[in-house]
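# Report on the structure
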Amino acid sequence: MKAPWKTSQLAILAMVASSIQASAQNPVQERILILESAWNQAVQLRDGKAVEPLLGNELIYIDYDGTVMNKGQYMASVKSSALHAEQVTNEAMKVRVYGASAVVVGVYREEGTRHGKRYLHRERFVDTWLNREGAWVCVASQSTLITH
Amino acid sequence: MKSLALRILVCGLATGLTLEAALPQTEDELAARTMIMALENIWNNAEKGGDAAALSLILDDAMVYIDEDGSLLTKMQFLEQVKQTGPQLQSLVTDAMSVHVYGETALVAGTYRVTGVARGKAFHREGRFIDTWVRKNGAWLCVAAQATPGAPGDVK
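Analysis parameters
Residues numbered from 1 in each chain as written. Chains lettered and ligands numbered in written order. Predicted model: local features only at pLDDT ≥ 70, side-chain atom pairs only at ≥ 80, totals over all residues. Helix = DSSP H or I, 4+ residues; strand = E, 2+ residues; numbered from the N terminus. Buried ≥ 20, exposed ≤ 12 C-beta atoms within 10 Å, placed from the backbone. Contact = placed C-beta atoms within 7 Å. Core = buried A, V, L, I, M, F, W, Y, C linked by C-beta atoms within 7 Å. Pairing = 2+ DSSP bridges. Axes fitted to C-alpha atoms, helices over the stretch in contact; angles between N-to-C directions. Nonpolar A, V, L, I, M, F, W, Y, C, P; charged D, E, K, R; others polar. Expected span 1.5 Å × (residues − 1).

### Section: the overall build of chain B
Across its full length, chain B holds four helices and six strands. Across chain B, helices and strands are ordered from the amino to the carboxyl terminus as α-α-α-β-β-α-β-β-β-β. Within chain B, the fraction of its 156 residues that count as buried is 35%. Considering only residue pairs separated by 6 or more positions, chain B has 56% of its internal contacts joining residues 24 or more positions apart.

### Thoughts on the overall build of chain A
Helix and strand counts for chain A stand at four helices and six strands. In chain A, the succession of helices and strands from N to C terminus is α-α-α-β-β-α-β-β-β-β. Within chain A, contacts between residues separated by at least 24 positions form 53% of all contacts whose residues are at least 6 apart in sequence.

### Details of the nonpolar core
Of all hydrophobic cores here, the largest spans 66 residues; its most connected members are A:V104, B:I36, B:L55, B:A106 and B:I130. The contacts of B:L55, once residues within four sequence positions are left out, are B:W43, B:A46, B:E47, B:L79 and B:V82.

### Comments concerning the sheet that holds strand β6 (residues 139–149) of chain B
Residues and elements named next belong to chain B. With mixed pairing, six strands are arranged side by side in an open sheet as β2-β1-β6-β5-β4-β3. Two strands lie at the open edges of the sheet, namely β2 (72–74) and β3 (89–102), each paired on one side alone. In this sheet, adjacent strand axes meet at a mean angle of 20° when their direction is disregarded. In the sheet, strand β4 (residues 105–118) pairs with strand β5 (residues 121–136) via 14 bridges, with the strands oriented antiparallel. Within β5, the position partnered with A109 by the bridge is I130.

### Some words on the interface of chain B and chain A
Residue-level contacts link 31 residues of chain B with 29 residues of chain A. Secondary structure elements with two or more residues in the side of chain B that touches chain A: β1 (59–66), β3, β4, β5 and β6 of chain B. Counting residues per element, the side of chain B that touches chain A draws most heavily on β6(B), which supplies six residues. Classifying every residue of the side of chain B that touches chain A by side-chain character gives 16 nonpolar, 10 polar and five charged.

### Brief notes about the pairing of β4(B)
Residue and element names in this part refer to chain B. The pairing of β3 with β4 spans 11 bridges and is classified as antiparallel. Each bridged residue has a counterpart across the sheet, and for T94 the counterpart in β4 is Y112. The hairpin turn running from β3 into β4, its antiparallel successor, is two residues long, and G103 in that turn takes a positive phi close to 65°. Taking the residues between adjacent antiparallel strands as the criterion, β4 and β5 are bridged by two residues, where R119 takes a positive phi near 50°.

### Some words on the sheet that holds strand β2 (residues 68–69) of chain A
Residues and elements named next belong to chain A. If you trace the six strands from one edge of the open sheet to the other, you get β2-β1-β6-β5-β4-β3, paired in mixed fashion. Two strands lie at the open edges of the sheet, namely β2 and β3 (83–98), each paired on one side alone. In the packing of helix α2 (residues 27–44) onto the sheet, the strands contacted are β3, β4 (101–114), β5 (117–132) and β6 (135–145), and the crossing angle to β3 comes to about 165°.

### Describing the environment of A:E30
Residue and element names in this part refer to chain A. With respect to the secondary-structure elements, E30 resides in helix α2. On the basis of neighbour count, E30 is assigned to the partly exposed category, with 17 C-beta atoms found within 10 Å. Taking C-alpha positions, E30 is 17 Å from Q41, a pair spaced 11 residues apart along the chain.

### Side note on α2(A)
Residue and element names in this part refer to chain A. Taking 1.5 Å of rise per residue, the 18 residues of α2 would be expected to cover 26 Å, and the 26 Å separating its terminal C-alpha atoms lies within 8% of that figure. Within α2, the full set of buried residues consists of I32, L33, L35, E36, S37, A38, W39, N40, Q41, A42 and V43. At the exit of α2 stands R46, carrying a positive phi of roughly 55°.

Below, the structure is given as structure tokens:
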């Protein structure tokens, strides 16, 4: 029997796999793009169990407002009832693979409500992924609000 | 002259790395941390001095820089910006830095404070950054750097 989070993760992966375009140049890049989309889906669904295996325990997360979070704090923010992300998408993603690590640069677009107020963010992000025993986990994620 | 001195320092550090590659993992990691902190200091000095030539030596050709306004700069665009804005800077201080080494990849996370004068007007900016370094042929090169404005003192 699969652990619940695995079932959840696989369900999300199955949902997003079809949406990944064949733009990725190799299987690693394609895999990373799928994980990025799975992360977005999980955030949208506030599914902490699906997010958890995507992140390394030493995650450094810098939000668009400069707030820095560790994995536990980030997980709590995903599950926060104050946040309701209705639409989460990534644009213009590029994946560069350096052996057992990969760096993703892209634009994150999130629309929803926070504390009852509507918001729309477009943020440029960099995510750094590491391959650990065959599984890719994100160890650093930083976003900067696009204001130019 | 400053550029030459920085080049010599970078070359010396890179040579040292080649020797350290044969050491046990923990010592290699320690050496990598020391190296990367040195490179971060070189970066600050070069940026403050508008020394794009020195900075170029420690940046990967495919490096991407995400500026405080979310704009995406290539290496060449970033170096051009450094040439233009360097003379405006009075101080560039990075602090609270942590270095995380993962084999041939390393991350540096920290805070920055910049003060200067542009068009006769003083400015002060601060925020957080993550620099991503990759070791290529024994030399550490920055492949991605990002700045996010905010008040580091207000960390939640």
